[in-house]
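Architecture and fold: a report
Okay, here's what each chain looks like letter by letter:
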Amino acid sequence: MPLKWRISIIVALCALSIWALFPRDVTVRTRNAQGVLQNETMRKVPLKKGLDLSGGMYLSLEVDDSKQKIAPSAKAEAIDRALKTVRTRLEGYGTSETVVEKQGSDRIVVSIPGISDEERARKLVEDQAFLEFKITDKTGALERALPKLDQVVKQRGLAAATRAPGDTSNATLSPATKGLQGLLTSADTTKGDSAKKVASAAAKDSANEDSLKLQAGGAFSSLLQAGNMPGEFYVDNAKAPLLEAWLEDSAVAAAIPPGKQLLPSTDSVTLQGRVYRAFYLVDSRPIITGDYLKGAQPNQGMEGTVVEFQLTNEGGRRFRTETGRNIGNYMAIILDGRVMGRPPVIQSAIGTRGQITMGGKSLADAQDLALVLRAGALPVPLRVAESQKIGPTLGQDSIDKGRNASIIAVALVVLIMLVYYRFSGLLAVGGLVLYILYTLAALAGFDAAITMPGIAGFVLSIGIAVDANVLIFERIREEMAHGKTVRTAIDEGFRHAMPAIIDSNVSTMLTAAVLYQYGTGAVRGFAVTLMAGIAASLVTSIFVVRTFFILWLNRSRGTQTLSI
Amino acid sequence: MLRILHDTKYDFIKYWKASAIGTIAFIALGIVLLGVHAVRYHGEALNYSVEFTGGTVVRLHFTQPVEAEAVRSAVDAAGFSGSEVTNFGGLTDYMIKSPPAEGAVAAQNADSVGAHIVQTLKERVPGNTATVQSAQSVGPRVGAELKTKALTAILISFAVTLIYLAIRFEWRFGVAAVIATGHDLLTTIAFLAMMRLEISLAVVAALLTVIGYSLNDTIIIFDRVRENLKKQRKESLRDVLNRSINETLPRSVLTHATVLAATLALLIFAGEVIRPFSWIMAFGVFTGTFSSIYVAGPLLLWIEHKWPRSTDGADKGQARALTEERKRERAPAGVR
């Protein structure tokens, strides 16, 4: 290959690398919340920091099949749809560098750089956000079914749980405590104790307070007290998780009046100094679901924080007919099986607009709910399989140390090469500079994030990168020892070192490829660094350094002694 | 020109017995230590990170030094009894590792675990603020899955390199190289047991890098053997092997020096997070060098002795390599 070509290729590679490493604006076509295509210009910064360096949060989500069995094929399909929903939800959360990806066929991984509130992010991706509107019961169906329910609870031996506080805490795996299971053992026992106290107090009270008392007798009916509107029941706040656990029992569910459901509310009421949670008996059939939702916005209204929503035209028509038919009835707004606030009475037919009252919740909560509603419901419930949070100080510390280690490693390698190979060593160091440039550019091209194992792999690759040079230089020395001229020795040296270089690098490349295929997260970053490093090392040692030699040979004509 | 170990004529193969005894003793010591660990740490012979076992790990940083005992009792009081508390880099940084909750399928909320411990510590050790540096929580199922995946990765990389070497060299070289690499895996695991390093994903990555690096080294020597075999047919394989190792010695020393320099820079300056990774790499440089000379070499001799080549001195693979080499020899060589 003519020298001019060689030089132009090297210069072109350098220019391309430098271009790849500079931040630039890229325009991508994306769909906005309304599904309309739009051009969006983003600042693309190459070699962004990975989570372990920037600080932030990582979540790995899988399908939660603890409540219902889901076939593997259905799971894979559900994950695909859930991926879209989670992505939309987090886009609205406002962090542009959030990455939501599918991992394997059954996981979604989410990484959010710099987030501070793990709880909130977790809720945002974990909530299924299945919205339903249902009419509350006015016929007193539950009151009639109470004897049967009492009997079922007795038969199933569920009532025994009330007497042993230890069992109570085990049975009460309400969503609020789910994330802390097993951790707060001490706190749980105290809760059990207080529950016992409250229970005995409740027994005393219920004897006096005839006004609130619904019906004496069985374990089920003694939990419930009639509320202020049809289909509303108050349950002692401490006992509410117990009732929820009972309602999940199949025999109990079968004893609930047909076509009806007893659902807990998010709201609690304080009556005569005691806290009660409301439960509502509602029709199983929803008059409308969140599928017809078009938009949702948080707002601060008269009754505190609300989320206003709009329905699609078709949903609006349906809603109008259904509400028109139910004037005078109460309508429960249900999110993920929980009644949001107190069901309002339907005054007249409602069209496409409505609102969800959030009670005493903050505006941030309303924002999150609006966001989750806009993104739509998750097709299946998800649970967190893995979570990781890295504080910003640890990340900065890692960056500083990684930088120091890299500088020292480069300095040592350069020193060794210069001391041992003198002038040829200098050419190799020139190659090493280009190696670093090309590797970083290749990493930017892969869109790789820099992680701590990635930095380690890079530092290591600097040490390994000169190996090809060493192989070639040793060959040149051998050829020169055989009495060949400098020009021939260089030529033969490069040629004879080639099989060893190719074989050793290909085998390392294969290992890196296996790592990439089977690795996750940070290890993948390491594998990418390794592969980029091998490719760049091959280019620089075989092509670039050889060009340097040719340049030198052309400049020093006549008698040549190579310092190697 | 500066030369080290130039034109040496050491008889490396002569010491194969001593080296075999040495390396077997090293691996045996590692296995004994694994047994000791298994008893001492309740069946956990190898120190797996939460990524593999499931559970929660929280790293705390204190503004003032605090004794490990104080942290441990606070962690117990916070309801995480059975947790492992280790300090690193002085008395201000601690790592708390707690096993997964019994019967749990989902990961715990790592952040709230950390917050809960910090809260308890605040009550017990007033005036010393602890901050959560990082918190990680892994569900038990993910951990088990990852273990299988890591093992698959190692086995597949073995299979892939064996196939590659069988194609590029001949099967004798491939088998010798892969067994030498398997030896490195064993010595590195023995080293892991001796240092009781935590096996994280990064350590598995380091292990695979060691495998690649050691294989690299073996290939360089075998490449020389392949070349020398073609040149001189009269020499015995043992002499060819010795000569090839001696000829590649300067390269070996220099490459190991640069890699070791980079590894030591990582070990000393890159900090606690990446230290187990750096240890494995540093050890890998030594075991890789050792195995390419003292495991791969004698093994090749033994295989050769057991399954000798066909009488004309070159079997099919060798013959193919030979013709390739001749073709290259004939091709006009121009520097430009």
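**Concerning the overall build of chain B**
- Of regular secondary structure, chain B possesses 12 helices and four strands.
- Counting all 336 residues of chain B, 47% fall into the buried class.
- Long-range contacts, defined as pairs at least 24 residues apart, comprise 78% of the intrachain contacts of chain B with a sequence gap of at least 6.

**Let's talk about the overall build of chain A**
- Scanning chain A from terminus to terminus reveals 18 helices and 17 strands.
- Burial analysis of chain A (564 residues in total) assigns 44% to the buried set.
- If you take every contact in chain A between residues at least 6 apart in sequence, the share linking residues at least 24 apart comes to 72%.

**Quick notes on the interface of chain B and chain A**
- Taken together, the contacts link 71 residues of chain B with 75 residues of chain A.
- If you list the elements that add at least two residues to the side of chain B that touches chain A, you get helix 4 (110-124), strand 4 (130-138), helix 5 (140-168), helix 7 (201-231), helix 9 (249-269) and helix 10 (275-294) of chain B.
- The element contributing the most residues to the side of chain B that touches chain A is helix 9 of chain B, with 13 residues.
- Residues belonging to the side of chain B that touches chain A are distributed by class as follows: 42 nonpolar, 21 polar and eight charged.

**As for the nonpolar core**
- Counting 231 residues, the largest nonpolar core has A:Val307, A:Leu373, A:Val413, A:Val459, B:Ala177 and B:Ala262 as the members making the most contacts within it.
- Among the elements that line this core, the one with the most residues is helix 15 (residues 392-445) of chain A, at 22 residues.
- Discounting chain neighbours no more than four positions away, the residues touching A:Val459 are A:Ala405, A:Ser406, A:Ala409, B:Ala262, B:Ala265 and B:Leu266.

**Considerations on the sheet that holds strand 16 (residues 353-357) of chain A**
Residue and element names in this part refer to chain A.
- The strand order 12-13-16 describes an open sheet built from three strands, whose pairing is antiparallel. Every other strand in the sheet has two partners, leaving strand 12 (293-301) and strand 16 as the edge strands with one partner each. Geometrically, the sheet is characterised by an average inter-axis angle of 25° between neighbouring strands, direction not taken into account.
- Summarising the sheet, strand 13 (residues 304-311) and strand 16 pair through five bridges and their orientation is antiparallel. The partner of Glu308 across the bridge, within strand 16, is Gln355.
- Its contacts with the sheet put helix 14 (residues 363-375) on strand 12 and strand 13, and the angle it makes with strand 12 is roughly 175°.

**Re the domain arrangement of chain B**
- Looking at the assigned domains, one finds that chain B contains domain 1 (13-35 + 143-326) and domain 2 (55-138).
- Inter-centroid distance (C-alpha atoms) of domain 1 of chain B to domain 2 of chain B is 41 Å.

**Points about helix 11 (residues 240-247) of chain A**
- In terms of burial, helix 11 of chain A is largely enclosed, as six of its eight residues are buried.
- Regarding helix 11 of chain A, the residues found buried are A:Ala240, A:Pro241, A:Leu242, A:Leu243, A:Glu244 and A:Trp246.

**Some words on the environment of A:Glu474**
- For A:Glu474, the position within the fold is in helix 16 (residues 452-481).
- The class for A:Glu474 is buried, based on 23 C-beta atoms found within 10 Å.
- Considered as a pair, A:Glu474 and A:Ile564 are 90 residues apart in the sequence and their alpha carbons are 8.9 Å apart.
- In this view, A:Glu474 contacts B:Pro250 and B:Arg251; residues no more than four positions away in its chain are not counted.

**Regarding unusual backbone geometry**
- In this structure, A:Asp336 takes a positive phi of about 50° despite not being glycine.
- On the secondary structure map, A:Asp336 appears in the loop between strand 14 (331-335) and strand 15 (338-339).
- You can call A:Asp336 partly exposed: it has 16 C-beta atoms within 10 Å.
- Of note, B:Arg196 is a non-glycine position whose phi angle comes to about 45°, a positive value.
- Examined against the element boundaries, B:Arg196 turns out to sit in the loop between helix 6 (171-195) and helix 7.

**What about the sheet that holds strand 5 (residues 107-113) of chain A?**
- In spatial order, the strands read 4(A)-5(A)-3(A)-17(A)-4(B)-1(B)-3(B)-2(B); together these eight strands make up an open sheet with antiparallel pairing. A single partner strand is all that each edge strand has here, and the edge strands are strand 4 (99-103) of chain A together with strand 2 (84-87) of chain B. Averaged over all adjacent pairs, the angle separating strand axes in this sheet is 20°, with direction ignored.
- Contacts from helix 4 (residues 118-126) of chain A reach strand 3 (56-63), strand 5 and strand 17 (382-390) of chain A, with the element oriented near 155° to strand 17 of chain A.
- Most of the contacts of helix 3 (residues 68-77) of chain B go to strand 2 of chain B, to which it runs at about 150°, and overall it touches strand 2 and strand 3 (93-98) of chain B.

**A word on the packing of helix 8 (residues 237-247) of chain B against helix 11 (residues 296-306) of chain B**
Residue and element names in this part refer to chain B.
- Put simply, helix 8 and helix 11 touch, their axes get as near as 10 Å, and they point 160° apart. The angle between helix 8 and helix 11 falls in the class roughly antiparallel. With respect to the hand of their crossing, helix 8 and helix 11 are arranged in right-handed fashion. Residue-level inspection shows Leu237, Arg238, Leu241 and Ile245 of helix 8 in contact with helix 11, the latter providing Gly297, Leu300, Leu301 and Glu304.
- Its residues assigned to classes, the contact of helix 8 with helix 11 comprises five nonpolar, one polar and two charged.

**Describing the confidence of the model for chain A**
All names here are of chain A.
- Here chain A averages 78 in pLDDT, while 83% of its residues score no lower than 70.
- Model confidence for chain A, summarised as mean pLDDT per element, is weakest for helix 8 (residues 175-178) at 35 and strongest for helix 1 (residues 3-21) at 92.
- Note that pLDDT drops below 50 for residues 161-215; the model gives that stretch 62 contacts with residues more than four away or on any other chain.

**Section: the packing of helix 7 of chain B against helix 10 of chain B**
All names here are of chain B.
- Relative orientation of the contacting elements helix 7 and helix 10 amounts to 25°, with a least axis distance of 9 Å. Overall, the two elements helix 7 and helix 10 adopt an arrangement that is roughly parallel. In this structure, the crossing between helix 7 and helix 10 has a hand that is right-handed. For the pair formed by helix 7 and helix 10, the contact residues are Ala202, Val203, Ala206, Leu207, Thr209, Val210, Tyr213, Ser214, Asp217, Thr218 and Ile221 on the first element and Pro276, Phe277, Ile280, Met281, Gly284, Thr287, Gly288, Thr289, Ser291 and Ser292 on the second.
- Across the contact of helix 7 with helix 10, the residue classes tally to 11 nonpolar, nine polar and one charged.

**Description of the pairing of strand 8 (residues 232-236) of chain A**
Residue and element names in this part refer to chain A.
- Counting buried positions along strand 8 yields five of five residues, so the element is predominantly enclosed.
- Summarising the sheet, strand 7 (residues 224-226) and strand 8 pair through three bridges and their orientation is antiparallel. Bridge pairing in strand 8 links Ala226 to Phe233.
- Between the antiparallel neighbours strand 7 and strand 8 lie five residues, among them Gly231 with a positive phi of about 80°.
- The pairing of strand 8 with strand 10 (residues 274-283) spans five bridges and is classified as antiparallel. If you follow Tyr234 over to strand 10, its bridge partner there is Ala278.

**A few points about the pairing of strand 3 of chain B**
Residue and element names in this part refer to chain B.
- Note: strand 1 (residues 55-62) against strand 3, six bridges, orientation antiparallel. When the bridges of strand 3 are listed, Val58 appears paired with Ile96.
- Where strand 2 meets strand 3, four bridges bridge the pair, whose relative direction is antiparallel. Bridge assignment links Thr86 to a residue of strand 3, and that residue is Met95.

**Some words on the confidence of the model for chain B**
All names here are of chain B.
- On average, residues of chain B carry a pLDDT of 82, and 88% of them reach 70 or more.
- Within chain B, the lowest mean pLDDT, 50, falls on helix 12 (residues 316-330), and the highest, 93, falls on helix 1 (residues 16-40).
- Under a pLDDT of 50 for its full length, residues 311-317 has, in the predicted model, nine contacts with residues more than four places off or in other chains.
- Ignoring residues within four places in sequence, the model shows residues 329-336, a span with pLDDT below 50, making 10 contacts including any to other chains.
- Scored as a whole, the predicted complex attains pTM 0.73, and scored at its interfaces, ipTM 0.83.

**What about the environment of A:Asp249?**
Residue and element names in this part refer to chain A.
- By the secondary structure assignment, Asp249 is in the loop between helix 11 and helix 12 (250-255).
- Take Asp249: there are 14 C-beta atoms within 10 Å of it, and that puts it in the partly exposed class.
- It is 79 Å that separates the C-alpha atoms of Asp249 and Phe548, two residues lying 299 residues apart in sequence.

The rules behind these values
- For every chain, the first residue of its written sequence is number 1, and the numbers climb from 1 along that sequence.
- Whichever chain is written first becomes A and whichever ligand is written first becomes 1, with later ones labelled in order.
- Totals for whole chains, interfaces and linings use every residue, but because this is a predicted model, local features are given only for residues with pLDDT of at least 70 and side-chain atom pairs only at 80 or more, for both listing and counting.
- A helix here means a DSSP run of H or I that spans at least four residues, while a strand means a run of E at least two residues long, and both kinds are numbered starting from the N terminus.
- Three exposure classes are used, all based on how many other C-beta atoms lie within 10 Å of a residue's own C-beta (placed from the backbone): buried at 20 or more, exposed at 12 or fewer, and partly exposed between those limits.
- Note on contacts: residues are paired as contacts if their backbone-placed C-beta atoms lie within 7 Å.
- Polar here means any residue outside two lists: the nonpolar Ala, Val, Leu, Ile, Met, Phe, Trp, Tyr, Cys and Pro, and the charged Asp, Glu, Lys and Arg; Gly therefore counts as polar.
- Note on definitions: a nonpolar core is a set of buried residues drawn from Ala, Val, Leu, Ile, Met, Phe, Trp, Tyr and Cys, linked by C-beta atoms within 7 Å.
- A pair of strands counts as paired when DSSP detects no fewer than two bridges linking them.
- A fitted line through C-alpha atoms serves as each axis, taken over the contacting stretch for helices, and the angle formed by two N-to-C directions is quoted from 0 to 180°.
- Domain segmentation is taken from an automatic or database assignment of domains.
- Orientation categories follow fixed angle ranges, with anything under 35 degrees roughly parallel, anything over 145 roughly antiparallel, 65 to 115 roughly perpendicular, and all other angles oblique.
- The hand of a helix crossing depends on one turn: near helix anticlockwise from the far one by less than a right angle means left-handed, and clockwise means right-handed.
- Looking at any residue, its pLDDT shows the predictor's confidence there, from 0 to 100.

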